[in-house]
Amino acid sequence: MSYSQPEVRELSSGYKFEHPQSEITIRLDRQGRWLSYRCGASFYRRCMGGDVVCGKGEIPLHRSDKVLLVGKIATTLDQWSQSWKGCKRVKSVLQTASGLDFNYYNHQAALYRAVYPEGVPILPPDRYGDLVVQPVTGCPNRACTFCAFYKDKPYKMLPSDRFAQHLLGVQTLLGGQCLIKDGLFIGSANAMALSQRRLMAYLQQIHSCFDPFKRGIAAFADPDFSAPRNTAQWQELANAGVTRLVIGLETGWGALRGRLGKSADLTRVCRAVHDYKRAGISVGITVLAGASEPGYQQENVQRTAAFIKALGLERKDIVYLSPLESANVDRSLRVQELRLMKKHLSICSDAQIVPYQMQRFRYYC
Ligand code: SF4
């Protein structure tokens, strides 16, 4: 059987091959590893942890389906490589890519687990493409009733020599992909719990490994479990490249927040936002939709909107609106609260209001 040549486009992440006759499109990174595969209406993506997901990525493929898919991709790439008449560099990428079998991708997944023992459980939606480094893992709070990611993960930090190994592992795992990342995210649930001295030392290690990131460095921050910092220290973090900190507010109604497992006193959140902004660090605020009891939606929305209004957020700040996925929350009430929240927040704040489907998060290659 003869195969016509696919069209190729060079991307910052590697190459995109499109073959209209067979309706197959494959994206490869510069090392020839497949990133995504489309065949007709079916679209697959590879995740860093070894999962392969189809469509919106809710359910990963079973092992046997993964084996078949990787085999199919390798066969297609081999056919394209044999019929390739163009640029030698592209032919060589195709040849390399066609030799990467299921065992190779399994080995990559094992390397990921060694580099990220906690995995990468969640990132804010505008930072999904970030390079993630984890000088710390877990969460110092772990009391939130709704938390799906960190309840069983105690807060631990790496000594500097182990962090240096971690950074080397990240570079080995991602290879050339490190160079095209435009942002870096410091995991895990609350990097700001680190003392200033430790955090600055980690930032120095990061800067010695990577060039500056166009979108800077971001992290989750919980002001109720953060180390105390003065104005000069926040400025020091901003000067070291920190551009966004994301706080889990969940609700601006203190009593409800207390019932959810966070502090009912919002003073620290308020002070933290002002500290960050004074240093030039943008703010992200997560808000849950569906957290209030039936009959209290209006009150939750109004109190949350009033609290966020008082924060004086700007266009560069983001409010992430996250539906609370729980068996105890009535779906229609959640949808209703989500709509109300979106409407009120867009009126009372200049910040961007962005949907945040936490359950859909995948750390894609
Ligand atoms: S602070 Fe965040 S990460 Fe920690 S338990 Fe609460 S929701 Fe989970």
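Keep in mind it's a predicted model, so treat the numbers as computed, not measured.

1. Topic: the side chain of serine 282
1) Next: Along the chain, serine 282 falls in strand β13 (residues 282-289).
2) Next: You can call serine 282 buried: its relative accessible area is 9%.
3) Next: The contact partners of serine 282, leaving out residues within four places of it in the chain, are Thr243, Arg244, Leu245, Lys316 and Asp317.

2. Remarks on the sheet that holds strand β5 (residues 42-46)
1) Next: The 6 strands are arranged β1-β2-β3-β4-β5-β6 in an open sheet whose pairing can be described as antiparallel. Unpaired on one side and paired on the other, β1 (7-11) and β6 (52-54) mark the two borders of the sheet. Adjacent strand axes in the sheet meet at a mean angle of 15 degrees, parallel and antiparallel pairs treated alike.
2) Next: Those strands touched by helix α2 (residues 88-98) are β1, β2 (14-19) and β3 (24-29), and its axis lies near 85 degrees from that of β2.

3. Focus on the sheet that holds strand β12 (residues 242-250)
1) Next: Strand order in the open sheet formed by 7 strands is β7-β10-β11-β12-β13-β14-β15, with parallel pairing between adjacent strands. Unpaired on one side and paired on the other, β7 (131-133) and β15 (352-355) mark the two borders of the sheet. Direction aside, the axes of adjacent strands within the sheet are offset by 25 degrees on average.
2) Next: By the bridge criterion, 3 bridges tie strand β10 (residues 184-186) to strand β11 (residues 217-221) in an arrangement that is parallel. For leucine 184, the partnering residue across the bridge sits in β11 and is isoleucine 217.
3) Next: Together, β7, β10, β11 and β12 form the strand contacts of helix α6 (residues 196-209), whose direction differs from that of β10 by roughly 150 degrees.

4. What to know about the environment of isoleucine 26
1) Next: Among the secondary structure elements, isoleucine 26 is positioned in strand β3.
2) Next: Between the alpha carbons of isoleucine 26 and serine 346 there is a distance of 39 Å; along the sequence they are 320 residues apart.
3) Next: Once residues lying within four places of it in the same chain are set aside, the contact partners of isoleucine 26 are Tyr15, Lys16, Phe17, Trp34, Ser36, Tyr37, Ile73, Thr76, Leu77 and Trp80.

5. Quick look at the layout of surface pockets
Over the atoms a probe the size of a water molecule is rolled, and this reveals where empty space is left.
1) Next: When its volume is computed, the largest pocket comes out at roughly 490 Å³.
2) Next: In terms of lining residues, the largest pocket is bounded by 29 residues, among which Phe146, Cys147, Glu250, Lys262 and Met358 are the most central.
3) Next: Every element with two or more residues in the lining of the largest pocket is listed here: β11, β12, β13 and β14 (318-323).
4) Next: Per element, the largest residue contribution to the lining of the largest pocket is 4 residues, and it comes from β12.

6. Focus on empty space enclosed by the protein
1) Next: Overall, the coordinates contain 3 cavities of 30 Å³ or more when judged by the stated rule.
2) Next: By volume, the largest cavity is sized at about 220 Å³.
3) Next: Lining the largest cavity we find 22 residues, and of these Arg46, Cys47, Met48, Gln108 and Cys365 sit closest to its centre.
4) Next: At the level of elements, β4 (34-39), α1 (63-83), α3 (102-115) and α4 (160-174) are the ones that each hand at least two residues to the lining of the largest cavity.
5) Next: If you tally residues by element for the lining of the largest cavity, the top one is α3, at 5 residues.
6) Next: Each residue belonging to the lining of the largest cavity can be placed in one class, and the counts come to 13 nonpolar, 4 polar and 5 charged.
7) Next: For the lining of the largest cavity, the two domains that each supply at least three residues are domain 1 (7-107) and domain 2 (116-360).

7. Some remarks on unusual backbone geometry
1) Next: Put simply, glycine 187 and serine 188 share a cis peptide bond, and its omega is 5 degrees.
2) Next: Structurally, serine 188 can be placed in the loop between β10 and α6.
3) Next: With a phi close to 60 degrees, arginine 142 is a non-glycine residue in the positive phi region.
4) Next: Counting through the fold element by element, arginine 142 comes out in the loop between β8 (136-137) and β9 (156-157).
5) Next: At glutamate 250, a residue that is not glycine, the phi angle is positive and equals roughly 75 degrees.
6) Next: Turning to its location among the elements, glutamate 250 is positioned in strand β12.

8. Some details on the state of the cysteines
1) Next: Per the counting criterion, the structure on display carries 0 disulfides.
2) Next: Left without a disulfide partner, cysteine 54 is nearest to the cysteine sulfur of cysteine 39, which lies 11 Å away.
3) Next: With no disulfide of its own, cysteine 348 lies 14 Å from the sulfur of cysteine 270, the closest cysteine sulfur.

9. Considering the side chain of threonine 137
1) Next: Checked against the element boundaries, threonine 137 lands in strand β8.
2) Next: Leave out the neighbours within four places in its chain, and threonine 137 touches Glu118, Pro154, Tyr155, Lys156 and Ser188.

The rules behind these values
Residues numbered from 1 in each chain as written. Predicted model: local features only at pLDDT ≥ 70, side-chain atom pairs only at ≥ 80, totals over all residues. Heavy atoms only, no water. Helix = DSSP H or I, 4+ residues; strand = E, 2+ residues; numbered from the N terminus. Buried < 20%, exposed > 50% of the residue type's maximum accessible area, 1.4 Å probe, protein only. Contact = heavy atoms within 4.5 Å. Pairing = 2+ DSSP bridges. Axes fitted to C-alpha atoms, helices over the stretch in contact; angles between N-to-C directions. 1 Å grid on protein atoms, 1.4 Å probe; cavity = no way out; pocket = protein on both sides within 12 Å on 5 of 7 lines; lining within 4 Å. Points joined across faces, edges and corners; volume = space filled by probe spheres on them. Nonpolar A, V, L, I, M, F, W, Y, C, P; charged D, E, K, R; others polar. Domains from an automatic or database assignment. Disulfide = S-S within 2.5 Å.

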